[in-house]
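A look at the structure
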Amino acid sequence: MANMNTPWTEYMEPFKIADNLYFVGCYAASSHLITTSEGHILIDTGYPQNLYQVIDNIYKLGFNPHDIKYIVHSHGHYDHLGGTKALVELTGAKTFIGADDREYANGTLDLTWAKELGFEYYEAFEPDVLLHDGDVIRLGEVEITTLSTPGHTPGTMSFFFNTTYEGKTYRVGTHGGVGPNSMMTWFLNQYGLSFDCREKFLAGLERLKGEKVDIFIGNHVWNNDTKGRYERMMAGEKNPFIDPEEWGKFLDRCKNNLLTQLKKEEEESNKSY
Ligand SMILES: [Zn+2]
């Protein structure tokens, strides 16, 4: 995993995934740019410490960050929305986040995981649009369907939209947040949060199995092996991101990962008594 205290130290080259879809993020946290005829959509801004890289990456690909019209967030954690306040000042973009993560973003609740990552959250902002299950975000010819998949945070939203590549249409999908970290007993107890987030998370995984996804993009590079796929692409493989099998496998990995971590935690706590 990335070095979370110095997230800028592991740089990722930006690159094209499909006709209107680009990776512009960092190793520590992914950001994706969707270009449209009406301006651009950025999914997640990443750590504030990395924002200069995201901006630079967008320029490197030949786009202008000032053309970002919408900033859409997968969930309200520091490593996904930390750069938003500064980017809004630069671009005037409209911000979107799951309704139940509003108080994470605007700083009412101290739950952005900034402290756990070794930072303070100074970048609070009031989101412009609160997303609910089934909402569609439209810009130009792009339509992003948003599904509520709580668990990692209450307002975690998963996104689905069409793209094209070499004349064919493909469905892109991303799960908004899958880390078991914020569903562990110690964390829920520390902040007085409900344990039902785990059931909601597992139910969300089941529900997302019903979505057909040809291109799975992760909000962290380790979710879809962004780096490995990029390297394969550089080595001449046609487009390793088009991989319709990966989505289902990923959802299964997420389930196993949570259950394994919970089991480990239980074994640890039994040991100490
Ligand atoms: Zn998170």
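Above: the structure in question.
Every chain is numbered independently, its residues counted from 1 as its sequence is written. Side-chain atom pairs in this predicted model are given and counted only at pLDDT of 80 or more, local residue features only at pLDDT of at least 70, and totals for whole chains, interfaces and linings cover all residues. Side-chain measures here rest on the full set of heavy atoms in the structure, leaving out hydrogens and waters.

As for the coordination of the zinc ion
- Donor atoms are limited to N, O and S found within 2.8 Å of the metal ion, a distance that becomes 3.2 Å for Na, K and Ca. With water left out, some sites might look partial. Taken together, the protein donors to the zinc ion comprise His 75 (NE2), His 77 (ND1) and His 152 (NE2), at separations of 2.1 Å.
- In primary-sequence terms, the residues that donate to the zinc ion follow H-x1-H-x74-H. Here the residue His 75 occupies a position in the loop between strand E5 (68–72) and helix H2 (78–81), and His 152 occupies one in the loop between strand E9 (142–148) and strand E10 (157–165), the gap between them amounting to 77 residues.
- The buried category is assigned to His 75, whose relative accessible area is 2%. Every helix listed is a DSSP run of H or I at least four residues long, and every strand listed is a run of E at least two residues long, numbered separately from the N terminus. Summary of the burial criterion: residues with accessible area below 20% of their type's maximum are buried, those above 50% are exposed, and those between are partly exposed, where the area comes from a 1.4 Å probe applied to protein chains only.

So, the pairing of E9
- In terms of strand pairing, strand E8 (residues 136–139) meets E9 through 4 bridges, oriented antiparallel. Each bridged residue has a counterpart across the sheet, and for Val 136 the counterpart in E9 is Thr 145.
- Hairpin connection between E8 and E9: a loop of 2 residues separates the two successive antiparallel strands, and Gly 140 in this loop has a positive phi of roughly 55 degrees.
- Two strands are said to pair when DSSP picks up at least two bridges between them. Both E9 and E10 contribute to a ladder of 4 bridges, which runs antiparallel. Within E10, the position partnered with Thr 145 by the bridge is Phe 160.

Section: the side chain of His 40
- With respect to the helices and strands, His 40 occurs in strand E4 (residues 39–43).
- For His 40, the contacting residues outside a window of four places in its chain are Leu 33, Ile 34, Thr 35, Phe 63, Asn 64, Asp 67, Ile 68, Lys 69, Tyr 70 and Leu 139. Whether two residues are in contact is decided by their heavy atoms, any of which lying within 4.5 Å being enough.

A closer look at the sheet that holds E10
- Strand order across the open sheet formed by 5 strands is E8-E9-E10-E11-E12, with mixed pairing between neighbours. Of all the strands in the sheet, just E8 and strand E12 (215–216) have a single pairing partner and so form its edges.

Concerning the pattern of salt bridges
- Each reported salt bridge corresponds to a side-chain nitrogen of Lys or Arg within 4 Å of a carboxyl oxygen of Asp or Glu. In total, this model carries 14 salt bridges according to the counting rule given.
- Residue Asp 133 pairs with Arg 207 through a salt bridge whose shortest N-O separation is 3.0 Å. Here the residue Asp 133 occupies a position in the loop between strand E7 (129–131) and E8, and Arg 207 occupies one in helix H6 (residues 197–208), the gap between them amounting to 74 residues.
- With a shortest N-O distance of 2.8 Å, Glu 246 and Arg 253 are connected by a salt bridge.
- Relative accessible area serves as the criterion here: at 8%, Glu 246 is assigned to the buried category.
- Residue Arg 253 is classed as partly exposed on the basis of its relative accessible area of 39%.

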